[in-house]
Each structure stands twice: as C-alpha cells, then as structure tokens.
Amino acid sequence: MPFKIKLRRTKRYNVLSKNCFLSRIRLLNSSEIQCTLSMDSTGLECLEAVAQRLELCETHYFGLWFVGKNQQARWVELEKPLRKQLDKFSVEPVLYFGVMFYVPNVSYLNQSVTRYQYYLQLRKNVYDGQVHCTVDQYIRLAALAIQVEFKDYNLFETQDFLRECMLFPVGWTQDATLLEELLLKVALEHKAVSGMRPEEAEVLYIQEVQQLDGYGQECFHVKDSHSNDVTLCIFFMGIFVGDNHGKSSASFRWNDIGNITHNKSAIVLELNRKEESVLFHTDDIENSKYISRLFATRMKFYKENKICTEQPITPPTIRRQPTWSRSSMSRQQA
C-alpha cells in the first residue's frame, strides 16, 4: 500500500503584485493604455512610459492628472512616487494624460506628434466648453477638426457621419432641429477647407483656439482677503483674479511675482516691486498647499523658458525635466 504524503499548503506570494502595480492611463483620443510600474516609480517615469507609446519627445508640455477625492482634477507631482499619490488623493486608480503647460503660439511646438496631441487637448477643451466660442467659431473649428481627422469633403457620399462626431458641447445636441442646422453649416464650411492638408488644418485649429477666451486657463474657487468669493485663474501669462460676474478684478504677470507659497490654508503671492503679499484663502491646508505648489511649478516653467516674460523673435528650446531616452525605454517597458 503506497504511502500518502500530506503536503502542508502554504500561501503563495505574487512577486509582481508585491513590487509592481498596473497603471491605467487614458489618452487624449479617449483610448486607454496600461503600464506596469514599480511601487517606487515616480510620476515622471509613468509620463515617460506614455511618451514611448506615443513616440512623443517634447514631454515638457504634458503631465498626468487624476480625479481627487474632492472630485476636482489633481495634477501628479512628477518627482514623487506615483502610487503614494494615488493611494492618498485619488478616487479611482485612473490617470489622464494631457497638456499641463499651454503656450501662446503654435511655433513653440516643434514636432508633428506634439502638435497632434496638443490639438487633441484643445479639441477636448472646446467640446467640454472650457473655452468660450461664438456659434460661427464652433462651426469653423468643427470643420477644421473634420479636415484633420477625416480629410476632404469629396471623400464622402453624404455627411451623415457628422452626427456621430463630437463637434459641439453636449447641451447643443439635445435640440434636433438646431443640431441639423449646425451640421449643415459645418458641412458647407468643411467643403470650403477641402484640399487643405490635415497638418495645416491642425495648426489652424490650434491658432483659432489660442485666440479664444478661456484658452489654457485653470481656475480655483477661493476667497480674497475680504472673504469675498473669487476665482483664482492661472494661464501662460500669469495669474488673474475673477469676480462673481466673471470679470477680472486683478492680474499678476509672472515678472510681478517673486514667490508663491502657502501659509496654513492661505495661498500667498509675494510680489516683487510692491514688496507686499497678496493672500487668498482656501477651505483647508491641503488644498492651499496643492494650489500654491501647482502655481509655483507653472511660474518656474514659464520664467525659465522665458514664455510671456520676455518676447524673443524665435521661441527658445524648452526644458523642464529630462525626457525618455533609450535607457529609460528599456527600463520602462509596459
């Protein structure tokens, strides 16, 4: 009779799951990729992994963000471990790739891949209503977007495919009659730009949006020193304060600001010439810390690269942090 040996069951450990995690990143074309990162990988390493997939070298304009526990977008701090930030602040482990540093002129964007990703971001901003357009401007932008993504008018027997495209803000599509009228105008405008190369239409799209109100702005609701509710907005030229009616009540160009810090729940702008500080109050310390750090990062980028602080004839070479190289490509395979 053969012996029956009972083996004691032991717990199995997955080395990969203990030392690595899977990061999901949603791209600007709404597709999603996954990257395997170590628990100590920084946000920059994740951004470099995304850049590899996109064959993007000019990563200095882009960043990663996630939805925070206050349901607000929160940018990843690239120099710090990514997993810790997600565990502490995010509501879901999904990252979003997007433009973090907007520029005043398309000539700053040297490569076609960069311009295309930049175009996708502006396309999304227009659709989400983050920039303010007239109806005619929406129609013009919609026609250019179709030329970029579908090319010439005469390639299609009908324009029915336009109904499936995300061309206008969501609220506009609820009225069927209005939508049909708009699509007809878009089709006519698309016919007018037929023959234009997609790359050229892409540049024109960027240039059109760069002239619109709201372009490149990121805003936060705070209180001023008199406890009035105001909107604190940052863009490539500096910081401005908006009142409840959307009008700018004060503005600070980058050269006006010496430093941006926080003091408990207050954001502090230390001005250069007046030797004084301007305070804005948030609802908690963590929020003021995040906003002040974000503003300081933007100011440093624009000052170092002399964007809207000096006006060079030719845009300079932009630097933020080292981008991916062959060594990092082999290290960051997903």
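Residues numbered from 1 in each chain as written. Predicted model: local features only at pLDDT ≥ 70, side-chain atom pairs only at ≥ 80, totals over all residues. Heavy atoms only, no water.

Under an unreviewed UniProt entry, the name given to the protein is protein-tyrosine-phosphatase, and the source organism is Staurois parvus.

A. Structural detail: the pairing of strand 5 (residues 94–99). Among the six residues in strand 5, six count as buried, and that is most of the element. The pairing of strand 1 (residues 20–26) with strand 5 spans three bridges and is classified as parallel. Counted as the bridge partner of Arg 26 is Tyr 96 from strand 5. Where strand 3 (residues 62–67) lies against strand 5, four bridges are found, and the strand directions are antiparallel. Directly across from Phe 62, in strand 5, lies its bridge partner Val 99. (Buried < 20%, exposed > 50% of the residue type's maximum accessible area, 1.4 Å probe, protein only. Helix = DSSP H or I, 4+ residues; strand = E, 2+ residues; numbered from the N terminus. Pairing = 2+ DSSP bridges.)

B. Main features of helix 7 (residues 198–210). Across its 13 residues, helix 7 extends 18 Å between first and last C-alpha, which sits within 8% of the 18 Å expected from 1.5 Å per residue. Pro 198, Ala 201, Glu 202, Tyr 205, Ile 206, Val 209 and Gln 210 are the residues of helix 7 that are buried. Packed against the buried residues of helix 7 are helix 4 (112–127) and helix 5 (135–150). (Expected span 1.5 Å × (residues − 1). Contact = heavy atoms within 4.5 Å.)

C. Representation of the nonpolar core in the model. In this structure, Ile 25 and Phe 97 are the most contacted members of the largest nonpolar core, which totals 93 residues. Broken down by element, this core gets its largest block of residues, eight residues, from helix 5. Dropping the residues within four chain positions of it, Ile 25 is found in contact with Ser 31, Glu 32, Ile 33, Cys 35, Cys 46, Val 50, Leu 64, Leu 95 and Phe 97. (Core = buried A, V, L, I, M, F, W, Y, C linked by side-chain atoms within 4.5 Å.)

D. Broad picture of the sheet that holds strand 5. With mixed pairing, five strands are arranged side by side in an open sheet as 2-1-5-3-4. Among the strands making up the open sheet, the edge pair consists of strand 2 (32–38) and strand 4 (73–75). Between one strand axis and the next, the sheet turns by 40 degrees as a mean value, whatever way the strands run. Against the sheet, helix 3 (residues 82–89) engages strand 1, strand 2, strand 3, strand 4 and strand 5, with an angle of about 30 degrees to strand 3. (Axes fitted to C-alpha atoms, helices over the stretch in contact; angles between N-to-C directions.)

E. Highlighting empty space enclosed by the protein. Taken as a whole and judged by the stated rule, the model has two cavities of 30 Å³ or more. Taken as a whole, the largest cavity spans an internal volume of roughly 50 Å³. For the lining of the largest cavity, the secondary structure elements donating two or more residues are helix 4 and helix 5. With four residues, helix 5 is the single largest residue contributor to the lining of the largest cavity. Its residues placed into classes, the lining of the largest cavity shows nine nonpolar, no polar and one charged. (1 Å grid on protein atoms, 1.4 Å probe; cavity = no way out; pocket = protein on both sides within 12 Å on 5 of 7 lines; lining within 4 Å. Points joined across faces, edges and corners; volume = space filled by probe spheres on them. Nonpolar A, V, L, I, M, F, W, Y, C, P; charged D, E, K, R; others polar.)

F. Summary view of the pattern of salt bridges. If you walk through the whole model with that rule in mind, you get 14 salt bridges. Between Glu 286 and Arg 74 there is a salt bridge; the shortest N-O distance is 3.1 Å. With a gap of 212 residues between them, Glu 286 in helix 8 (residues 285–304) and Arg 74 in strand 4 connect regions that are remote in the sequence. In this structure Arg 74 comes out as buried when scored by relative accessible area, which is 10%. Put simply, Lys 223 and Asp 229 hold a salt bridge, and the shortest N to O gap is 2.6 Å. What makes Lys 223 partly exposed here is its relative accessible area of 36%. For Asp 229, a relative accessible area of 45% gives the class partly exposed. Among the ionic contacts, a cluster of salt bridges with common partners joins Arg 24, Arg 26 and Glu 32. (Salt bridge = Lys/Arg side-chain N within 4 Å of Asp/Glu carboxyl O.)

G. Focus on helix 5. With 16 residues, helix 5 should cover 22 Å at 1.5 Å per step; its first-to-last C-alpha distance of 22 Å lies within 8% of that length. Of the residues making up helix 5, those classed as buried are Tyr 138, Ile 139, Leu 141, Ala 142, Ala 143, Leu 144, Ala 145, Ile 146, Gln 147 and Val 148. Buried residues along helix 5 sit in contact with helix 4, helix 6 (176–192) and helix 7. Two residues or fewer past helix 5, Lys 151 is found with a positive phi of approximately 70 degrees.

H. Looking closely at the packing of helix 4 against helix 7. Close contact between helix 4 and helix 7 brings their axes to 9 Å; oriented N to C, the two are set at 50 degrees. One element, helix 4, and the other, helix 7, form an angle in the oblique class. Our pair here, helix 4 against helix 7, has a crossing hand that is left-handed. Along the contact surface, helix 4 presents Ser 112, Arg 115, Tyr 116, Tyr 118, Tyr 119, Leu 122, Arg 123 and Val 126, while helix 7 presents Glu 202, Val 203, Tyr 205, Ile 206, Val 209 and Gln 210. A per-class count over the contact of helix 4 with helix 7 returns nine nonpolar, two polar and three charged. (Parallel < 35°, antiparallel > 145°, perpendicular 65-115°, else oblique. Left-handed = near helix turned anticlockwise from the far one by under 90°.)

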